[in-house]
Each structure stands twice: as C-alpha cells, then as structure tokens.
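# Observations on the model geometry
Here are the chains, one letter per residue:
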Amino acid sequence: AYTAEPFVPGGAGLDALREAAAGCRGCPLHREASQTVFGAGAPDARVVLVGEQPGDQEDRQGRPFVGPAGKVLTRALDEAGVDPDETYITNAVKHFKFTVVPERGKRRIHKPPSLREMTACRPWLAAEVHVIDPEVIVALGATAGKALLGPSFRVTKQRGMLLPCPALDGHEMLATIHPSAVLRADDREAVYRGLVSDLRVVAETLR
Ligand code: URA
Ligand code: SF4
C-alpha cells in the first residue's frame, strides 16, 4: 500500500518534518508535482486548518493557500474573528494532482486525490497535529472531511459542528465548505456568509 510512514521521522519538530516531507515518495503524486507543499503557520497554533491538496499556485510557490482560495479563506477568518497568528494551514495531501489540458494552453487542472492517496499522506498531517496539539482542527471541504472523518462524512449535514476526530487522536474537529466553493458559486455572498458563520463557531471555542 502507498504510505508516507517510512519517510516521517519520529519525535521531529515542524522544521525537521518539513525537510523530510520534501523527499517523500510515499505515493505516486510526487512524480508529476514540482514540490511538496507542507503546512505553514504558527508552531503553537490553536487552530489547524486542513485543505484538500495544493493547487497550481501552491505547487509553484511551495506554500499552502497562496492562490485565490487562500484569499477567500484569509478574509473569512478575519471576519469570523480568528486571529491569523493562532492558525496553522496545511492540506490532507501534500502534492498537487492535476491533468494537463492541451487545448487550454496546457493549463494544469486540479484532480481530486483518491482515498488511497489521502490515506498514504495522512502520517504527515498526523505528525503536524501531534506536534502542534491544537484546540480545534478545521476540515475545509468534503474531501478533507472524508479524509479525516471517514467516507460517510457529508459536509452539507455535518458542517459547523464540533466532532471528535478518531483519525487524529480524537482531536476536536469542525468541518465546513472549501473556500474555493465560494468562488464557484452562483450566489457567492450567501456561500461566503455560510463559511464565516461556521468559522465563528471556531472563534467561540477559542474564547
Ligand atoms: N486548495 C486547497 O485545498 N489547498 C491549497 O493549499 C490551495 C487550494
Ligand atoms: Fe508523500 Fe503525500 Fe506527496 Fe504522496 S502526496 S508523495 S504521501 S507527501
């Protein structure tokens, strides 16, 4: 089975984990992507936010949520009252998965990671969460939710509530929509409001 496990150094801090993750070959996704995109943020964060996987911009720059979805997320966190200095942002899968569309100027279009790839990559997320030991973890979107709460997870039904996450040591977790859903929606404002309202629940738990 694919797994990052043999690449994860035991007892390592975030910097050593990031360095080791740069050489991960735990699943085939490292072959086509430019680089590993590890998490970023405060080592003593109270909130760990988990996206799906890096996008095109993140793959080029090597940092999570630096593209359009990241802008939406930053604004929503601010509006919800979550202090950015208390957050750490990462992804369920650390390499960009994509297909090239030749008729569209060779644009790289994001492909959703498979359950096998998410499971393979989970030791990195588990190590990040273990080192940071946050008060709450936020799963951004259905993919992160399923990766962490199991395939029966439904974001429409379970968003906005605090649930224990067995895959991550029973840490408290809240799932919400992915910020890119705001960008794709017909009614952007309403979808954005929903994201902010879920993130307010996170802000409340930190008071
Ligand atoms: N979408 C994600 O899920 N993660 C990123 O890092 C960027 C976009
Ligand atoms: Fe390793 Fe995760 Fe990249 Fe797969 S996606 S090679 S498990 S870091």
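Description of the structure in this document. (Residues numbered from 1 in each chain as written. Chains lettered and ligands numbered in written order. Predicted model: local features only at pLDDT ≥ 70, side-chain atom pairs only at ≥ 80, totals over all residues. Heavy atoms only, no water.)

## Comments concerning the pairing of strand β4 (residues 98–101)
Stated precisely, the cut-off is as follows: By the convention used here, strands pair only if DSSP detects at least 2 bridges between them. Where helices and strands are cited, they refer to DSSP runs of H or I of at least four residues and of E of at least two residues respectively, numbered from the N terminus.
Note that β4 and strand β5 (residues 107–110) share 4 bridges and pair antiparallel. Within the sheet, the bridge partner assigned to T99 lies in β5 and is I109. Following β4, the chain reverses through 5 residues before pairing antiparallel with β5; G105 in that reversal takes a positive phi of roughly 65 degrees.

## A closer look at the nonpolar core
Put simply, the test is: Each nonpolar core is a collection of buried residues, namely Ala, Val, Leu, Ile, Met, Phe, Trp, Tyr and Cys, held together in the definition by side-chain atoms within 4.5 Å. Buried means the residue's accessible area, taken with a 1.4 Å probe over protein chains only, is under 20% of the maximum for its type, while exposed means over 50%, and partly exposed covers the values in between. Only heavy atoms matter for contacts: two residues are in contact if any of them lie within 4.5 Å across the pair.
Membership of the largest hydrophobic core comes to 36 residues, with the highest contact counts inside it found for L17, V50, W124, L148 and L168. In terms of residues, this core owes the most to one element, helix α4 (residues 115–132), which gives 8 residues. Excluding anything up to four places from it in sequence, L17 contacts V8, P9, A12, F38, W124, A127, E128 and V131.

## Some details on unusual backbone geometry
Residue D133 is not a glycine yet carries a positive backbone phi of 50 degrees. Among the structural elements, D133 can be located in the loop between α4 and β6 (136–140). Positive phi is not limited to glycine here, since D169 has a value of about 60 degrees.

## Focus on the site of ligand 2
Rule in force here: When at least one non-hydrogen atom of a residue lies within 4 Å of a molecule or strand, that residue is treated as near it. Any residue outside Ala, Val, Leu, Ile, Met, Phe, Trp, Tyr, Cys, Pro, Asp, Glu, Lys and Arg is labelled polar, Gly included; the first ten of those are nonpolar and the last four are charged.
Close to ligand 2 lie A4, C24, G26, C27, H30, V93, K94, H95, A120, C121 and W124, which account for all nearby residues. For the shell around ligand 2, the residue count by class is 7 nonpolar, 3 polar and 1 charged.

## Points about the packing of α4 against helix α5 (residues 142–149)
What counts, and what does not: Angular values range over 0 to 180 degrees, each being the angle between N-to-C directions of two axes fitted as lines to C-alpha atoms, with helices fitted over their stretch in contact. Under this scheme an angle from 65 to 115 degrees is roughly perpendicular, one under 35 degrees roughly parallel, and one over 145 degrees roughly antiparallel; angles in between are oblique.
It is the contact of α4 with α5, at a shortest axis distance of 11 Å, that shows an interaxial angle of 80 degrees. On the basis of the axis angle, α4 is roughly perpendicular to α5. Contacts between α4 and α5 involve M118, R122 and L125 from the first element and T143, A147 and L148 from the second. Looking at the contact of α4 with α5 residue by residue, the class counts come to 4 nonpolar, 1 polar and 1 charged.

## Notes on the sheet that holds strand β3 (residues 87–91)
An order of β1-β3-β2-β6-β8-β7 is seen for the 6 strands of this open sheet, with the pairing classed as mixed. Looking at the sheet topology across the chains shown, the edges are occupied by β1 (40–41) and β7 (162–165). Packing against the sheet, α4 makes contact with β2 (47–51), β3, β6 and β8 (171–176), and its axis sits at approximately 170 degrees to β3. Against the sheet, helix α8 (residues 188–205) makes contact with β2, β6, β7 and β8, and its axis sits at roughly 160 degrees relative to β8, the strand it touches most.

## Some thoughts on the side chain of H178
Inclusion rule: Definition of a polar contact: a pair of N or O atoms within 3.5 Å, with one able to donate and the other able to accept a hydrogen when the atoms are protein atoms, and with sequence-neighbouring residues admitted only if both atoms are side-chain atoms.
Within the secondary structure, H178 sits in the loop between β8 and α7 (179–184). Taking relative accessible area as the criterion, H178 reaches 17% and is therefore assigned buried. There is a polar contact of 2.9 Å between the side chain of H178 and the side chain of S180. If near-sequence neighbours (up to four positions away) are discounted, H178 is found in contact with E52, F65, A69, L140 and G141.

## Quick look at the packing of aromatic side chains
Rules: Classification of ring pairs rests on two measures: the distance between centres of Phe, Tyr or Trp rings, Trp counted by its six-membered ring, which must be within 6.5 Å, and the angle between planes, read as stacked under 30 degrees, edge-to-face over 60 and tilted in between. For a lysine, the NZ atom is tested; for an arginine, the CZ atom; a charge sits over a ring if that atom is within 6 Å of the ring centre and within 35 degrees of the ring normal.
Evaluated as defined, the whole model comprises 2 aromatic pairs. A centroid spacing of 6.1 Å and a plane angle of 90 degrees characterise the contact between F38 and W124, whose relative ring orientation is edge-to-face. Of the two residues, F38 is situated in the loop between α1 (14–21) and β1 and W124 in helix α4; the sequence distance between them amounts to 86 residues. Just as F38 is buried, W124 falls in that class too. Looking at R75, its charged tip hangs above the ring of Y192, at a distance of 4.3 Å from the centre. The ring of F98 carries R108 above its face, with NZ or CZ at 4.9 Å from the centroid.

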